[in-house]
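Examining the three-dimensional arrangement
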Amino acid sequence: MDSLRHWVCLGALLSPLAASEDLYRSNTYSGQLYVSTQTLPLLSNLMCALTCALHSCTMFSFQDGVCKMHDVGLDGGTSTSPYRSYSLYDASAPATTFDAAFNKPCQPHTQYATLVCERAFDGDLTTQFHSYDTLSPWLGVDLQGYYYVKTIIFMPNLSAANWFVNMKVFVGTQADTNGYTNQTLIATYPGPWDGQSSVVVITVTPPAAARYVILQSTNTYMSINDFKVMV
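For the structure given in this document, a descriptive report is provided here. Quick caveat: nothing in here was measured; it's all calculated off a predicted structure. (Residues numbered from 1 in each chain as written. Predicted model: local features only at pLDDT ≥ 70, side-chain atom pairs only at ≥ 80, totals over all residues. Heavy atoms only, no water.)

1. A short note on the sheet that holds strand S1 (residues 23–26)
The pairing of strands in a sheet comes from backbone hydrogen bonds and takes either a parallel or an antiparallel form. Spatially, five strands are ordered S2-S4-S3-S1-S5 in an open sheet, and the strand pairing comes out antiparallel. Two strands bound the open sheet, and with one partner strand each, they are strand S2 (37–41) and strand S5 (86–88). Within the sheet, the average angular offset between the axes of one strand and its neighbour, ignoring direction, is 25°. Sheet strands touched by helix H1 (residues 45–54): S1, S2, strand S3 (59–63), strand S4 (66–70) and S5. Its angle to S3, the strand with the most contacts, is close to 155°. (Pairing = 2+ DSSP bridges. Helix = DSSP H or I, 4+ residues; strand = E, 2+ residues; numbered from the N terminus. Axes fitted to C-alpha atoms, helices over the stretch in contact; angles between N-to-C directions. Contact = heavy atoms within 4.5 Å.)

2. Examining the state of the cysteines
Taken as a whole and judged by the stated rule, the model has three disulfides. Between Cys 52 and Cys 57 runs a disulfide, and the two sulfur atoms are separated by 1.5 Å. When the S-S torsion is -110°, as for the bridge of Cys 52 with Cys 57, the disulfide is left-handed. With respect to burial, Cys 52 and Cys 57 carry one shared label: buried. Here Cys 106 pairs with Cys 117 through a disulfide, and the sulfurs are 2.0 Å apart. The sign of the 75° torsion about the S-S bond sets the Cys 106-Cys 117 disulfide as right-handed. In this pair, Cys 106 sits in strand S6 (residues 106–108) while Cys 117 sits in the loop between S6 and strand S7 (129–130), placing the two residues 11 residues apart along the sequence. Residue classification places Cys 106 among the buried positions, given a relative accessible area of 16%. Cys 117 sits in the buried class, given a relative accessible area of 2%. Among the cysteines of the chain that take part in disulfides, numbered as they appear in the sequence, the pairing is 1-4, 2-3, 5-6. (Disulfide = S-S within 2.5 Å. Buried < 20%, exposed > 50% of the residue type's maximum accessible area, 1.4 Å probe, protein only.)

3. So, the packing of aromatic side chains
According to the stated counting rule, one finds 10 aromatic pairs in the structure shown. Plain terms: the ring middles of Phe 98 and Tyr 147 are 5.9 Å apart, the flat faces sit at 80° to each other, and that makes the pair edge-to-face. Residue Phe 98 is found in the loop between S5 and S6, and its partner Tyr 147 is found in strand S8 (residues 138–156); the two are separated by 49 residues along the sequence. Residue Phe 98 is classed as partly exposed on the basis of its relative accessible area of 29%. Judged by its relative accessible area of 1%, Tyr 147 is buried. When the centroid spacing of 4.9 Å and the interplanar angle of 35° are considered together, the rings of Phe 170 and Tyr 180 count as tilted. Of this pair, Phe 170 sits in strand S9 (residues 167–172) while Tyr 180 is found in the loop between S9 and strand S10 (184–189), placing the two residues 10 residues apart along the sequence. The residues Phe 170 and Tyr 180 share a single accessibility class, namely buried. These aromatic residues form a ring-pair network of at least three members: Phe 121, Phe 154, Phe 164, Tyr 189 and Phe 227. (Phe/Tyr/Trp six-rings, centres within 6.5 Å; stacked < 30°, edge-to-face > 60°.)

Here you go:
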């Protein structure tokens, strides 16, 4: 019985025919939307939930014998365990804003010695990422889920204020091994940063759907202490 409680045992899930196509989201997944969908015929909402859990999908919906599993394999919150739970999810409801880039995997164009990319996403304003000597360096982060990006906040390194100039921000839903060349440009920051204000805040209007966020410079170096993606 204990293991059964880990499954999605909401009363609505027991109905073989759902009156409305409600969307359920895994309780281990914080993403705000889905990108890909797989469908298959099943007998009930509960069977759809169990199948979704076994395939690590992030969200599912069920109506009239059709189960829709969204972003299969992306929900890694419980590792290999099939015991996931799901809750009704309203994508239009206001959500608490948080930094989706915190401690997420990053990819730098180059990085210098121990000043690695993880230092820009560790939440510590005293640590620093520094690129190696190269033209147009970039720094990307994988949010490990799909979000509506609302605001991006950078804290450039104070000793290199003049380097934070002609910056571009790209986003995408698919990984790009070249960093930003196949991604969508959503914002620019001409700069230069004055070195006085504590951070650079870029508001994304309207919010952009993304999993990958990349900062690119036309300078030779990039040196920043913090990189936040608020969703």
